[in-house]
Amino acid sequence: MISDEKNAHLMALEHAGDRLQLFKADMLDYVSVESAVAGCEGVFHVASPVPYGQPPNPEADVIAPAVTGTLNVLRACYEAKVKRVVVVSSVAAVFNNPNWPKGKAFDEDSWSDEEYCRKNEVWYLLSKMSEREAFGYAAKTGLDIVTICPSLVIGPLMQSTVNTSVKIFLGYIKGYEIIEDRLRNLVDVRDVADALPLAYENSEASGRYICSSSPIRVSDMMNILRTSYPTSPYPKSFVEVEDNITYNTEKIQKLGWTFRPIEETIRDSIECYMALGILN
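These figures come from a predicted structure and were not determined experimentally.

The rules behind each value
- Residues numbered from 1 in each chain as written.
- Predicted model: local features only at pLDDT ≥ 70, side-chain atom pairs only at ≥ 80, totals over all residues.
- Heavy atoms only, no water.
- Helix = DSSP H or I, 4+ residues; strand = E, 2+ residues; numbered from the N terminus.
- Buried < 20%, exposed > 50% of the residue type's maximum accessible area, 1.4 Å probe, protein only.
- Pairing = 2+ DSSP bridges.
- Polar contact = N/O pair within 3.5 Å; in protein donor to acceptor, adjacent residues only side chain to side chain.
- Contact = heavy atoms within 4.5 Å.
- Core = buried A, V, L, I, M, F, W, Y, C linked by side-chain atoms within 4.5 Å.
- 1 Å grid on protein atoms, 1.4 Å probe; cavity = no way out; pocket = protein on both sides within 12 Å on 5 of 7 lines; lining within 4 Å.
- Points joined across faces, edges and corners; volume = space filled by probe spheres on them.
- Nonpolar A, V, L, I, M, F, W, Y, C, P; charged D, E, K, R; others polar.
- Salt bridge = Lys/Arg side-chain N within 4 Å of Asp/Glu carboxyl O.
- Axes fitted to C-alpha atoms, helices over the stretch in contact; angles between N-to-C directions.
- Parallel < 35°, antiparallel > 145°, perpendicular 65-115°, else oblique.
- Left-handed = near helix turned anticlockwise from the far one by under 90°.

**Student:** Explain unusual backbone geometry to me, please; I cannot follow it from the model alone.
**Tutor:** With the exception of glycine, most residues fall at negative phi, and the peptide bonds are largely trans. In the Ramachandran plot, H15 falls in the positive-phi region, its phi being about 65° despite a non-glycine side chain. Of note, H15 is situated in the loop between α1 (8–11) and α2 (16–19). Taking the relative accessible area as the measure of exposure, H15 reaches 43% and is therefore partly exposed. Positioned with a positive phi, E121 is a non-glycine residue whose angle comes to about 55°. Assignment of secondary structure puts E121 in the loop between α5 (114–119) and α6 (123–127). Assessed through its relative accessible area of 41%, E121 is described here as partly exposed.

**Student:** Where do I start with the pairing of strand β8 (residues 207–211) in this structure?
**Tutor:** A regular strand places its side chains so that they alternate between the two faces of the sheet. Of all 5 residues making up β8, 4 are buried, and the element is well covered by its neighbours. Inspection of the sheet shows strand β3 (residues 145–150) paired to β8 by 5 bridges, in the parallel sense. Within β8, the residue paired with I148 across the bridge is Y209.

**Student:** Where do I start with the side chain of S89 in this structure?
**Tutor:** Relative to the helices and strands, S89 is located in the loop between β2 (84–88) and α5. Assessed through its relative accessible area of 5%, S89 is described here as buried. Polar contacts involving the side chain of S89 include one to the side chain of E131, which spans 2.9 Å. Dropping the residues within four chain positions of it, S89 is found in contact with K128, E131, I148, C149 and P150.

**Student:** So what exactly am I meant to see when it comes to the nonpolar core here?
**Tutor:** Across soluble globular proteins, nonpolar side chains show a tendency to be buried alongside one another. Of all hydrophobic cores here, the largest spans 25 residues; its most connected members are F169, L170, I173, M221, L225, I270 and Y273. Sorting the residues of this core by element identifies β4 (152–154), α8 (164–170), α10 (218–228) and α12 (262–275) as the ones contributing at least two each. When sequence neighbours within four positions are dropped, the list of residues in contact with F169 reads I154, M221, L225, I266, S269, I270 and Y273.

**Student:** In this structure, what is going on with empty space enclosed by the protein? I would like to understand it.
**Tutor:** Where empty space is left can be seen by rolling a probe of water-molecule size over the atoms. Per the counting criterion, the structure on display carries 1 cavity of 30 Å³ or more. One number sums up the size of the largest cavity: a volume of about 60 Å³. If you trace the largest cavity, you find it lined by H45, V46, A47, S48, T70, V87, V88, S89, K128, S130 and E131. Taken together, the elements giving at least two residues each to the lining of the largest cavity come down to β2 and α7 (130–141). Class assignment of the residues belonging to the lining of the largest cavity gives a composition of 4 nonpolar, 5 polar and 2 charged.

**Student:** I would appreciate a short explanation of the pattern of salt bridges in the present structure.
**Tutor:** Pairing between side chains of opposite charge can happen when their charged atoms approach one another. In the structure shown here, the tally under the stated rule is 11 salt bridges. Between E264 and R260 there is a salt bridge; the shortest N-O distance is 3.4 Å. With relative accessibility at 25%, the residue E264 sits in the partly exposed group. With a relative accessible area of 23%, R260 lands in the partly exposed category. One network of salt bridges, in which partners are shared, links D188, R190, R267 and D268.

**Student:** Would you mind showing me how to read the packing of α10 against α12 here?
**Tutor:** Two quantities define a packed helix pair, namely the angle between the helix axes and the distance between the axes. Relative to each other, α10 and α12 sit at 45°, their axes nearing to 10 Å. For the element pair α10 / α12, the angle class is oblique. Pair α10 / α12 crosses with right-handed handedness. Together, M221, I224, L225 and S228 of α10 and I262, E263, I266, R267, I270 and M274 of α12 make up the contact between the two elements. For the contact of α10 with α12, a count of residues per class yields 7 nonpolar, 1 polar and 2 charged.

Shape is all these values report; function is a separate question.
Below you can see the structure in the form of structure tokens.
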């Protein structure tokens, strides 16, 4: 078991001393993954690099940890006879599909086009094709795999370090003069956490599940933000755009999943970031 400053926020959780064990593992080192998975009945695979900006070596920094790392976890789970694996993917594996009917909400039948992603060097989107590899492994071995595909995850942080999705969200309150007034698809991290046990415990759960709250326009998001953080230099004007992506979340809602109002998520996020000193 390991314990260090990086994981201090986890060890501070209620009952962590009795019920939480941390193991060090390298996703590219099968042996270390195998030792972490040993004895588990269920596994939630949530670790995958999310770069901010273009990575210097996309194959090594993003794609290999996502694809090889996922396959190492699945192999270890298969060998350990794990009952079910829930893999957190992303809508990045859903929406970059140029053949999807225009204006139709994306659902679980849509897959991002791998060649399109590679051609346009959208490496994170390409890395999320590890979800396809996961289902391929399931078909070959019979391992029970369910995937969750969240949209942009925001919400209160447990740690003081800022992750990529929060950096994207904070970009809206850092003083753009002009910004595109497109629809944004967000989901509260707490709601994503609720989705994981639903996907694991429901015996009827299978395949993919898109996990996203109702879409919101950037201008409406700014109006909510102004009430919580009025001193920030918000965009002075908005440009209308037609490229508006929406998602159909009927499938995950049939599992009993619900999501918080976006106003609550934004308010709680800003209050948390202020308390942690992130907005300074």
